[in-house]
Amino acid sequence: MNDALQMDDARRMDDARHLVGSASRLLILTGAGVSAESGVPTFRGPDGLWKTRRPEELATPQAFQADPRLVWEWYGLRRERVGACRPNAAHEAIARLTLENGDARLVTQNVDGLHELALEEAVAEERSSGRSSDESVSRATPIRLHGSLFWTRCTVCDHRTADRHPVDADSEASLPRCPKCQALLRPDVVWFGEELDPEILESAMEAADAAEVCLVVGTSALVHPAASLPLLTKESGGVVVEVNTEPTPLTEVAQLSLRGRSGQVLPRLLTVEP
Ligand code: BJW
Ligand code: ZN
């Protein structure tokens, strides 16, 4: 890389640090790219999950109705793979920031639980030094737009359960069943064509509306309503800052775009230097 380009990058990073650091209300919106360096596959792109399977085959209520065994098999494999992954430096930087800064909110599209794990670890660290309160932990807890791989929901009575078990998808009879009514359970995730939980969406929209800066990390910004949240910040007079390895439809909307891996960019962007 030539000197002028490096200088440009350094200036962009300084500008972004200033914008993000001085925002009195910050919204961080993340997508699958933030977990890529932890080994969690993204959806789109050359190594993405949709490369070998079409989303309609696996991530729609129609697909589940047609072949629940196939859909559970796919979610079981993902649960196994993601369950072995660890948060990376981006999750850690976000967890520390949201814990320390009461005016920062995290909204994620991810179902992998890595933000939650990073937060648990940051809280444990802070508690051992006598800092952090229940209130700061609750504010730092991610708003999950698309649910979780590690929760199930009953297809009949809506009963929800946390569930990290391996899935036995050998036959339809072995699929997970509701402890209350014995009906078939489904992954508690939001599939295409399904409404997001209205309360969750409303709190994400409120945070986007109130934010001075919306920092968008590792999302292709193709899936709505998540991809509309940064536009809400902009419409309310705030600015959008993007971190992604590739350009996205939000790049044109963003005041600043940082090209790079979030595990490398975010610690520099979010960590306050002593
Ligand atoms: C890195 C990196 C590194 C890689 N560092 N970066 C308005 C307009 C058009 C359509 C619609 C609309 N409103 C609603 C719709 C329909 C639909 C939709 O958006 N369709 C579009 C695709 C056309 N939306 C819905 O159906 C939603 N429901 C809804 O709105 O209900 C009301 C309604 C219904 C129907 C019509 C109208 C209204 C529900 C969406 C649910 C999405 N569900 C999924 C699956 C979740 C469960 C599971 O995991 O199995 O959510 S789909 C999948 O996409 C998953 C993700 O959360 C989501 C977003 O993906 P994400 O995170 O952006 O990942 P990628 O892979 O796309 O991108 C990764 C990025 O990272 C890339 O940019 C890389 O460059 C980058 N990257 N490494 C930094 N190291
Ligand atoms: Zn039930």
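What comes next is a walk through the structure. (Residues numbered from 1 in each chain as written. Chains lettered and ligands numbered in written order. Predicted model: local features only at pLDDT ≥ 70, side-chain atom pairs only at ≥ 80, totals over all residues. Heavy atoms only, no water.)

Quick notes on the site of ligand 1
Stated formally: Nearness is judged by heavy atoms alone; a residue qualifies as near a molecule or strand once a single heavy atom is within 4 Å of it. Here a polar contact is taken to be a pair of N or O atoms separated by no more than 3.5 Å, where protein atoms must pair a possible hydrogen donor with a possible acceptor and residues adjacent in sequence count only if both atoms sit in side chains. The Shrake-Rupley method, run with a 1.4 Å probe, gives the accessible areas here. Residue values count only the displayed protein chains as cover. The way it works is that DSSP assigns letters per residue, a run of H or I at least four long becomes a helix, a run of E at least two long becomes a strand, and they are numbered from the N terminus. The classification used treats Ala, Val, Leu, Ile, Met, Phe, Trp, Tyr, Cys and Pro as nonpolar, Asp, Glu, Lys and Arg as charged, and all other residues, Gly among them, as polar.
Lining the immediate environment of ligand 1, one finds 35 residues, of which Arg44, Tyr75, Arg78, Thr219 and Ser220 sit closest. Separating an oxygen atom of ligand 1 from a side-chain N or O atom of Arg78 is a distance of 2.7 Å. Ser262 places a main-chain nitrogen or oxygen 3.0 Å from a nitrogen atom of ligand 1. Against a free-state accessible area of 1,500 Å², the protein chains account for coverage of 76% of ligand 1. Counting residues per element, the shell around ligand 1 draws most heavily on helix α4 (residues 68-83), at 3 residues. Residues belonging to the shell around ligand 1 are distributed by class as follows: 14 nonpolar, 14 polar and 7 charged.

What about the coordination of the zinc ion (ligand 2)?
Condition: The donor definition counts N, O and S atoms within 2.8 Å of each metal and applies 3.2 Å to Na, K and Ca; water is not among these atoms, so some sites may look incomplete. Every geometry call rests on angle ranges, with four donors termed tetrahedral when all angles are between 85 and 135 degrees, four termed square planar and six termed octahedral when opposite donors are over 155 degrees apart and all others are between 65 and 115, and everything else termed irregular. Each residue is placed in one exposure class: buried if its accessible area under a 1.4 Å probe, protein chains only, is under 20% of its type's maximum, exposed if it is over 50%, and partly exposed if it falls in between.
Distances from the zinc ion (ligand 2) to its protein donors, namely Cys154 (SG), Cys157 (SG), Cys178 (SG) and Cys181 (SG), fall within the range 2.3 to 2.4 Å. Here the zinc ion (ligand 2) binds 4 donor atoms, and the angle range of 100 to 121 degrees at the metal identifies the geometry as tetrahedral. Read in sequence order, the donor residues coordinating the zinc ion (ligand 2) give the pattern C-x2-C-x20-C-x2-C. For Cys154, a relative accessible area of 1% puts it in the buried group. Using a relative accessible area of 37% as the deciding quantity, one classes Cys157 as partly exposed.

Considering the layout of surface pockets
Formally: A 1.4 Å probe that fits but cannot get out identifies a cavity on a 1 Å grid over protein atoms alone, an open set with protein on both sides within 12 Å along at least five of seven lines counts as a pocket, and a residue lines either if it has an atom within 4 Å of a point. Grid points are joined across faces, edges and corners, and a volume is the space filled by probe spheres set on the points.
Considering only enclosed or pocket space, the second largest pocket measures out at about 340 Å³ in volume. Looking at the second largest pocket, it is lined by 17 residues, and the ones nearest its centre are Gly147, Arg160, Asp188, Asp197 and Ile200. Put simply, the parts of the chain that give the lining of the second largest pocket at least two residues each are β4 (147-154), β6 (185-189) and α8 (198-210). Per-element accounting of the lining of the second largest pocket gives the leading share, 4 residues, to β4.

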